[in-house]
Amino acid sequence: MAAADLDPSSSAVEVAGLQKRYGDFEAVRGIDFSVGLGETFGFLGPNGAGKSTTIKMLCTLVTPSGGTARVAGHDIVRERAQVRRNIGLVFQDTTLDTYLTAAQNLRFHADLYDMPRHLVEGRMQQVLEMVGLWDRKDQEVGAFSGGMKRRLEIARGLMHSPRVLFLDEPTVGLDPQTRASIWGYIGELRQQEQITIFLTTHYMDEAEHCDRIAIMDSGELKVLDTPEALKAGVGTDRVQITTADDEAAIAAIAATFDLEAVMSEGKVTINVAAGEAFVPRLFAELGIPIHSVSVARPTLDDVFMSITGRTIRDAEASAGDRFRAATAAFRGGSR
């Protein structure tokens, strides 16, 4: 059944109090949200935030420690088989059989999902054309580039016409040009397939493609809204300057304007309302020569920092501690 055939009042994904613990370590801490039919929904956050663990629970690969969730109308614990029949999943790491051709990989997937034989070839051509690989169908996957493999995995995830497609860090490890290309294909498949897309990412620019974003940090869902609403909620612009003495400039900004400034990306950074109007005052009153200045509207990086008090890069660094704790708990035998 396609998404267009479903009750428009229902949700593609419904989550209530979902938890995952490994011993005393809580990887996912009782989160609640829903995803509408046909929506592109993003989990944004650093590595180790709990995004992939959440997807694994929703895809029945990991059993929750608490809470409930339904995907395509089916309970992820009591109706695992029904959930799996209605989802597609693209993992962070490739799971393709590289010694097989692209077509052989898709035929094998079709067999696993017990697709009617008379539908396989037509559907295979459809999804391979969608990701620009129909002319490579008889080529061994081992010769594919990283971007081509990712596109083939997306085609494989669509092969059995799922109602929800899960993409776990779909462009991780790819160069910026290939990442942009992958997002072009994702946009096209949303239009052609009328499918719900649920993705995780720690790339802020990718999250802009989503209808709504849930920001995860340390296993908690911090906020959920549209990208524009989240950025509007920050309420400040980002002003960045380079000066003759950045440390002195930071102190002078605090003393003169009662504003906090920090070093970010090698520049003195100030979050202030009406940034363009503030810049002339900055030049006139700072008392330290300013070499360069830029003003930017709030970004999702600013949203993350306003919510968590950290940049996503800082959160990435501290996530290693959470990962090591989870690994130690898991090896200790807790499930």
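The structure reproduced in this document is the subject of the present report. (Residues numbered from 1 in each chain as written. Predicted model: local features only at pLDDT ≥ 70, side-chain atom pairs only at ≥ 80, totals over all residues. Heavy atoms only, no water.)

### Details of the overall build of the protein chain
The number of helices and strands found in the protein chain is 12 helices and 14 strands. Burial status across the protein chain gives 47% buried among its 335 residues. If you take every contact in the protein chain between residues at least 6 apart in sequence, the share linking residues at least 24 apart comes to 71%. Within the structure as shown, the protein chain displays about 15,500 Å² of accessible surface, and the carbon and sulfur contribution to it stands at 48%. (Helix = DSSP H or I, 4+ residues; strand = E, 2+ residues; numbered from the N terminus. Buried < 20%, exposed > 50% of the residue type's maximum accessible area, 1.4 Å probe, protein only. Contact = heavy atoms within 4.5 Å. Areas by Shrake-Rupley, 256 points an atom, 1.4 Å probe, with all protein chains shown as cover.)

### Section: the packing of aromatic side chains
Applying the stated criterion to the full structure yields 8 aromatic pairs. Ring geometry for Phe33 and Phe198: centres 6.0 Å apart, planes at 45°, overall tilted. Linking Phe33 in strand β2 (residues 25-36) with Phe198 in strand β8 (residues 196-201), this pair joins segments that are 165 residues apart in sequence. On the basis of relative accessible area, Phe198 is assigned to the buried category, the value being 0%. An aromatic cluster is built from Phe33, Phe41, Phe43, Phe166 and Phe198, whose rings are joined through pairwise contacts. Over the ring of Trp134 we find Lys137, and its NZ or CZ is 4.4 Å from the ring centre. (Phe/Tyr/Trp six-rings, centres within 6.5 Å; stacked < 30°, edge-to-face > 60°. Lys NZ or Arg CZ within 6 Å of the ring centre and 35° of its normal.)

### Digging into the pairing of strand β6 (residues 87-90)
Judged by which residues are buried, β6 turns out to be covered on both faces: Ile87 and Leu89 on one side and Gly88 and Val90 on the other are all buried. In the sheet, β6 pairs with strand β7 (residues 164-168) via 4 bridges, with the strands oriented parallel. Across the sheet, residue Gly88 finds its bridge partner in β7, namely Leu165. (Pairing = 2+ DSSP bridges.)

### Observations concerning the packing of helix α8 (residues 227-234) against helix α11 (residues 300-308)
Close contact between α8 and α11 brings their axes to 9 Å; oriented N to C, the two are set at 60°. Here α8 lies oblique to α11, going by the angle between them. Crossing handedness for the pair α8 and α11: left-handed. For the pair α8 and α11, the contacting residues are Pro227, Leu230, Lys231 and Val234 in the first and Leu300, Asp302, Val303 and Ser306 in the second. By residue class, the composition of the contact of α8 with α11 is 5 nonpolar, 1 polar and 2 charged. (Axes fitted to C-alpha atoms, helices over the stretch in contact; angles between N-to-C directions. Parallel < 35°, antiparallel > 145°, perpendicular 65-115°, else oblique. Left-handed = near helix turned anticlockwise from the far one by under 90°. Nonpolar A, V, L, I, M, F, W, Y, C, P; charged D, E, K, R; others polar.)

### Here's the deal with unusual backbone geometry
Negative phi values dominate among residues other than glycine, just as trans dominates among peptide bonds. If you check the backbone angles, Ser218 has positive phi at about 50° while not being a glycine. Within the secondary structure, Ser218 is located in the loop between β9 (212-217) and β10 (220-225). Classification of Ser218 as partly exposed rests on a relative accessible area of 21%. Phi is positive for Ala274, close to 50°, though the residue is something other than glycine.

### Concerning a nonpolar patch on the surface
Taken together, the side chains of Phe108, Leu112 and Tyr113 present a nonpolar region at the surface, about 300 Å² in accessible area. One can find Tyr113 in the loop between α3 (102-112) and α4 (117-130). Owing to a relative accessible area of 31%, Tyr113 belongs among the partly exposed residues under this scheme. (Patch = residues over 30% accessible without salt bridge, like charges linked within 9 Å, V, L, I, M, F, W, Y side chains within 5 Å. Salt bridge = Lys/Arg side-chain N within 4 Å of Asp/Glu carboxyl O.)

### A look at the pattern of salt bridges
Enumeration over the complete set of coordinates arrives at 19 salt bridges. Close ionic contact of Arg297 with Asp237 constitutes a salt bridge, the shortest N to O distance being 2.4 Å. Residue Arg297 is located in the loop between β14 (290-296) and α11, and its partner Asp237 is located in strand β11 (residues 237-243); the two are separated by 60 residues in the primary sequence. Taking the relative accessible area as the measure of exposure, Arg297 reaches 60% and is therefore exposed. Residue Asp237 is classed as buried on the basis of its relative accessible area, which comes to 6%. A network of salt bridges, in which partner residues are shared, links Arg29, Glu220 and Lys222.

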